[in-house]
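Residue-level structure breakdown
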Amino acid sequence: GRFEAGYNAGVKAAAKDLGKEITVENQYAGDFDAPDRGRSIAQGMYGQGADVIYHASGGTGSGIFQEAKARNEAGSDKVWVIGVDSDQSSEGDYQKDGKTENFTLTSTLKGVGTVAHDLAQKALDGEFPGGEHQAYGLKEDGVDLTAGNLSDDAKTAVDQAKEKIVSGEIDVPEKP
């Protein structure tokens, strides 16, 4: 839902800024704990020419990392994975020509600690928002992105987009 909507909107905006055509293929594993299904989906996507797979699939994503590692170690064109929930950089390590390389482009982060601290503080202050929907986005440090293997230009573009999202200049859709 939200991850897909935001990612798709970001790719569309980046493609426009770069003057390039970028296609996004969305697939669902139907399970958050099915690494074999994740690997099968990755085989199909990379086999059809995908350069990057962004997974929001919990344990199923480990199969995507397995497939990316196998392809990268085999010496084919480099493929990338975008991790989710925590920094998955270490899962992208692989050996090629006797040295360690990495295929985790970046990871999206959930600020679970920030949310827990904020809600605990509100409870301590007698302001716990029980029964209310609370949203923690970039502005509230509820989500973020790792630097990963992003180029300096990409990092600059990400920082500029973050500022525009926080200021409200860019409205990120919540539904695909």
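Residues numbered from 1 in each chain as written. Predicted model: local features only at pLDDT ≥ 70, side-chain atom pairs only at ≥ 80, totals over all residues. Heavy atoms only, no water.

Things to note about the pattern of salt bridges
Oppositely charged side chains may form a pair once their charged atoms are brought near each other. According to the stated counting rule, one finds six salt bridges in the structure shown. Between E67 and R39 there is a salt bridge, with its nearest N and O atoms 2.8 Å apart. With E67 in helix α3 (residues 61-73) and R39 in helix α2 (residues 35-47), this residue pair connects regions lying 28 residues apart in the sequence. Judged by relative accessible area, which is 6%, E67 ranks as buried. Residue R39 is classed as partly exposed on the basis of its relative accessible area, which comes to 27%. With its nearest N and O atoms 3.3 Å apart, the salt bridge here joins D85 to K110. (Salt bridge = Lys/Arg side-chain N within 4 Å of Asp/Glu carboxyl O. Helix = DSSP H or I, 4+ residues; strand = E, 2+ residues; numbered from the N terminus. Buried < 20%, exposed > 50% of the residue type's maximum accessible area, 1.4 Å probe, protein only.)

Description of the sheet that holds strand β2 (residues 80-85)
A sheet is described by the order of its strands in space; here four strands give the open sequence β1-β2-β5-β6, paired in mixed fashion. Two strands close off the open sheet at either side, each with one partner strand: β1 (52-54) and β6 (143-145). Sheet twist, expressed as the mean angle between neighbouring strand axes with direction ignored, is 15°. Sitting on the sheet, α3 touches β1, β2 and β5 (104-110), and the angle it makes with β2 is about 160°. (Pairing = 2+ DSSP bridges. Axes fitted to C-alpha atoms, helices over the stretch in contact; angles between N-to-C directions. Contact = heavy atoms within 4.5 Å.)

Here we look at the pairing of strand β3 (residues 93-96)
Looking along a regular strand, one sees side chains alternate from face to face of the sheet. Note: β3 against strand β4 (residues 99-102), four bridges, orientation antiparallel. Bridge pairing in β4 links D93 to N102. Between β3 and β4, which follow one another and run antiparallel, lie two residues, and D97 among them has a positive phi close to 50°.

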